[in-house]
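Topology and contacts: notes
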Amino acid sequence: MGDIDVAIGVDADCVAGWLGSYGGADSPADLSRGLSAGNEGIPRMLELFESEGVSTSWYVPGHTIETFRDEIEAVAAAGHELGVHGYSHENPTDLSREQEDEILEVSIDLIEDVTGSEPVGHRASWWEFSEHTPELVEKHGFLYDSSLMERQFEPGWMRKGDSWEKIRYDEAPETWMEPYQYGEETDVVEIPISWYRDDIPPMLFIKQPIYHAGYKDPEMMYEQYYKRQFDFLYDRRGAGVYTFTIHPDIHGLPHMIPLLEEFIRYVEGHERAQFTTLEEIARKYEDDPSVYESESDYV
């Protein structure tokens, strides 16, 4: 039987999310929501994970580490993994190579200062790759990246040098009618994520129309999205990884804690499923890439 590993990734965006992604950089009210996520949301989530005995992976912007140092030190002290997630949740596609490289270096140093060792995991802010991101992830020696969505339930190897032709309506079609070109595989494990297993799009209220209104029923999200995807993996595929991305900004809110607790217990009620960190998933895949292959015709 193959393995079914469930990894909770906590993207601790907090104030950085409002600076880099959510359009609240000029709003003290929005920034205060980020302060609440760091000061209240992180401790609530950490207490839940400790009470349930679950190890998780936290992707922490440098801004969050420096603003909420005590809270992030508590996360590390409890044995959770810390990974890189930009500094102010900036979009990598808007950065120069030099800027992106500097942010990575600072972020790595900040995590090493907290944990005593360099992080092995990278998760791009915005879940966006620039043209330089794969090369920089490789350069800095990360074991794995978890930013892309090529697969649902199975890791692969991060590539560099993928290329594609955009439609150019002012040019002859023959100049841009080309298939997608796969680049060169690296030794970096790519662990897939999914917008459909992320709490921000459906449940974070944002004043500016960047993503969404943020008023989906959280119980519906668990029943119709999160649990059903887990059920597909468990019942039909039989092996694989389930990455679940949550934020202190959402799952640190009081009404979300019981739902997360219920989901953890739901997963633990399945004898072949276990919670683990993304680092552990990457090391297992590196050792044996077949460990997460589907046991049925379902991919």
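Residues numbered from 1 in each chain as written. Predicted model: local features only at pLDDT ≥ 70, side-chain atom pairs only at ≥ 80, totals over all residues. Heavy atoms only, no water.

**As for the packing of helix α2 (residues 28–52) against helix α10 (residues 257–268)**
Contact pair α2 / α10: the axes reach a minimum separation of 11 Å and the direction vectors enclose 30 degrees. Taken together, the axes of α2 and α10 are roughly parallel relative to one another. The interaxial crossing formed by α2 with α10 has right-handed handedness. Only Ile257, Leu260, Glu261, Ile264, Arg265 and Glu268 of α10 make contact with α2, whose side of the interface consists of Arg44, Met45, Leu48, Phe49 and Glu52. By residue class, the composition of the contact of α2 with α10 is 6 nonpolar, no polar and 5 charged. (Axes fitted to C-alpha atoms, helices over the stretch in contact; angles between N-to-C directions. Helix = DSSP H or I, 4+ residues; strand = E, 2+ residues; numbered from the N terminus. Parallel < 35°, antiparallel > 145°, perpendicular 65-115°, else oblique. Left-handed = near helix turned anticlockwise from the far one by under 90°. Contact = heavy atoms within 4.5 Å. Nonpolar A, V, L, I, M, F, W, Y, C, P; charged D, E, K, R; others polar.)

**Here we look at the packing of aromatic side chains**
One pass over the full model with this rule turns up 20 aromatic pairs. When the ring of Tyr180 is compared with that of Tyr182, the centres are 5.6 Å apart and the planes differ by 65 degrees; the resulting orientation is edge-to-face. When its relative accessible area of 58% is taken as the criterion, Tyr182 is described as exposed. Residues Phe232 and Tyr298 carry aromatic rings whose centres are separated by 5.4 Å and whose planes lie at 80 degrees to one another, so their mutual orientation is edge-to-face. Taken as a pair, Phe232 in helix α8 (residues 218–237) and Tyr298 in the segment after α11 (278–287) lie far apart in primary sequence, 66 residues in all. Under the relative-accessibility criterion, Phe232 is labelled partly exposed at 28%. Judged by relative accessible area, Tyr298 falls into the partly exposed class, the value being 37%. The ring of Tyr242 carries Arg197 above its face, with NZ or CZ at 5.0 Å from the centroid. Across the ring face of Tyr234, the terminal group of Arg272 is positioned such that the distance to the ring centre comes to 4.6 Å. (Phe/Tyr/Trp six-rings, centres within 6.5 Å; stacked < 30°, edge-to-face > 60°. Buried < 20%, exposed > 50% of the residue type's maximum accessible area, 1.4 Å probe, protein only. Lys NZ or Arg CZ within 6 Å of the ring centre and 35° of its normal.)

**Let's talk about the pattern of salt bridges**
Throughout the structure, instances matching the rule amount to 22 salt bridges. A salt bridge links Glu171 to Arg168; the nearest nitrogen and oxygen atoms lie 2.9 Å apart. By relative accessible area, Glu171 is classed as partly exposed at 36%. The residue Glu262 makes a salt bridge to Lys227 at a minimum N-O spacing of 3.0 Å. Separated by 35 residues along the polypeptide, Glu262 in helix α10 and Lys227 in helix α8 bring together distant segments of the chain. On the basis of relative accessible area, Glu262 is assigned to the partly exposed category, the value being 40%. Judged by relative accessible area, Lys227 falls into the buried class, the value being 9%. Put simply, Arg97, Asp101, Glu135 and Lys139 are held in one network by salt bridges that share partners. (Salt bridge = Lys/Arg side-chain N within 4 Å of Asp/Glu carboxyl O.)

**Comments concerning the side chain of Glu90**
With respect to the element layout, Glu90 can be found in the loop between β3 (81–84) and α5 (97–115). At 2.7 Å, the side chain of Glu90 and the backbone nitrogen of Tyr87 are in polar contact. (Polar contact = N/O pair within 3.5 Å; in protein donor to acceptor, adjacent residues only side chain to side chain.)

**What to know about the pairing of β3**
On β3, burial covers both faces: Glu81 and Gly83 on one face and Leu82 and Val84 on the other are all buried. Across 4 bridges, strand β2 (residues 57–60) lies against β3 in parallel orientation. Looking across to β3, one finds that Ser57 is bridged to Glu81. (Pairing = 2+ DSSP bridges.)

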